[in-house]
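Residues per chain, in single letters:
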Amino acid sequence: GLVWSFSTWLLVLVQVLLWGWARGSELTFELPDNAKQCFYEDITIGTKCTLEFQVVTGGHYDVDCRLEDPDGTVMYKEMKKQYDSFTFTAAKNGTYKFCFSNEFSTFTHKTVYFDFQVGEDPPLFPNENRVTALTQMESACVSIHEALKSVIDYQTHFRLREAQGRSRAEDLNTRVAFWSIGEAFILLVVSISQVVLLRSFFSDKKTTTTRVGS
């Protein structure tokens, strides 16, 4: 009766809260200059997948990205992209490879974030007969699940934007600091040069007179 419904509701709520972390691969990693990093994922045929990436810090915030199927056929290739998203349906069983390359950069390392979603979320109630309508509690749980997924996506993108903005601000602050030091040094050199030049104009030139006796 009421106790069973309450325990079921708690179980479903815990499942809803944890479901968003059980799907996909999400990673933020450092990509050094002149480096290439590859990742591999086993995918079955007919599975819908989405690869999303963004360069968080480093240089011009760009990176090369390449996705290959199990036979080595290039499915996606972009050069010097700051961020992008690519969705595909696996046409073959096997291991798919996607790589991020910073080989075009000679001295700047990058921080790259990617989210690789494989398949779609299974239904919250796999044992339910879909011919019948969902109960009010089940409908509420489904709505909470969808809302939490949206919240997670928004939080991820806001964290990335915050990290990227902080990196840009720190880089700008460093440039301003060096520029200020350079201007101060130039101003000091110019001031000293002007003082020395003005003193040379107003200083008395001493002349030496020599008497020749007979």
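Residues numbered from 1 in each chain as written. Predicted model: local features only at pLDDT ≥ 70, side-chain atom pairs only at ≥ 80, totals over all residues. Heavy atoms only, no water.

Asker: Give a description of the UniProt feature "transmembrane region" (unreviewed entry) in the protein chain that names residues and reports values.
Answerer: Cross-referencing UniProt, the feature "transmembrane region" (unreviewed entry) maps to residues 176–198 in the present numbering. Across residues 176–198, helical content stands at 100% and strand content at 0%; the span's end C-alpha atoms are separated by 33 Å. (UniProt positions renumbered as here; feature names shortened; annotations may be inferred. Helix = DSSP H or I, 4+ residues; strand = E, 2+ residues; numbered from the N terminus.)

Asker: Explain the side chain of Thr-111 to me, using residue names and the numbers behind them.
Answerer: With respect to the secondary-structure elements, Thr-111 resides in strand E8 (residues 110–118). For Thr-111, a relative accessible area of 11% translates into the label buried. There is a polar contact of 3.1 Å between the side chain of Thr-111 and the side chain of Glu-30. In contact with Thr-111, not counting residues within four places along its chain, are Thr-28, Phe-29, Glu-30, Gln-54, Val-55, Val-56 and Thr-57. (Buried < 20%, exposed > 50% of the residue type's maximum accessible area, 1.4 Å probe, protein only. Polar contact = N/O pair within 3.5 Å; in protein donor to acceptor, adjacent residues only side chain to side chain. Contact = heavy atoms within 4.5 Å.)

Asker: For unusual backbone geometry, give the residues involved together with the corresponding values.
Answerer: Phi is positive for Tyr-61, close to 55°, though the residue is something other than glycine. Here Tyr-61 is to be found in the loop between strand E3 (48–57) and strand E4 (63–68). Judged by its relative accessible area of 7%, Tyr-61 falls in the buried class. One non-glycine residue, Lys-80, lies in the positive phi region at around 50°.

Asker: Account for the nonpolar core, naming residues and giving values.
Answerer: Counting residues in hydrophobic clusters, the biggest one holds 24 residues, and the most contacted among them are Ile-43, Phe-88, Phe-98, Phe-100, Phe-114 and Phe-116. Elements with a contribution of two residues or more to this core: strand E1 (25–31), strand E2 (36–43), E3, E4, strand E6 (83–89), strand E7 (94–101) and E8. (Core = buried A, V, L, I, M, F, W, Y, C linked by side-chain atoms within 4.5 Å.)

Asker: Describe the sheet that holds E3, naming the residues involved and giving the relevant values.
Answerer: Strands in a sheet are paired, the pairing made by backbone hydrogen bonds, and the direction either parallel or antiparallel. As summarised here, the arrangement of the 4 strands in space is E1-E8-E3-E6, forming an open sheet in which the pairing is antiparallel. The open sheet has two edge strands, E1 and E6, and neither has a second partner. Within this sheet the neighbouring strands show an average axis-to-axis angle of 15°, counted without direction. Of the pairings in the sheet, the one linking E1 to E8 comprises 7 bridges and is antiparallel in character. The residue bridging Thr-28 from the neighbouring strand is Tyr-113, located in E8. Against the sheet, helix H2 (residues 136–202) makes contact with E1, E3 and E8, and its axis sits at roughly 25° relative to E3, the strand it touches most. (Pairing = 2+ DSSP bridges. Axes fitted to C-alpha atoms, helices over the stretch in contact; angles between N-to-C directions.)

Asker: Could you give me a rundown of the pattern of salt bridges, with the residues and numbers involved?
Answerer: One pass over the structure, following the stated rule, counts 7 salt bridges. The salt bridge involving Lys-97 is made with Glu-68; its shortest N-O contact spans 3.8 Å. Remark: Glu-68 occurs in strand E4 and Lys-97 occurs in strand E7; sequence separation between them is 29 residues. Asp-69 is paired through a salt bridge with Lys-92; the nearest N and O atoms lie 3.6 Å apart. Placement of the pair is Asp-69 in the loop between E4 and strand E5 (74–81) and Lys-92 in the loop between E6 and E7, with a sequence separation of 23 residues. On the accessibility criterion, Asp-69 (10% relative accessible area) is buried. Judged by its relative accessible area of 32%, Lys-92 is partly exposed. One continuous salt-bridge network, built from bridges that share partners, spans Arg-66, Glu-68 and Lys-97. (Salt bridge = Lys/Arg side-chain N within 4 Å of Asp/Glu carboxyl O.)

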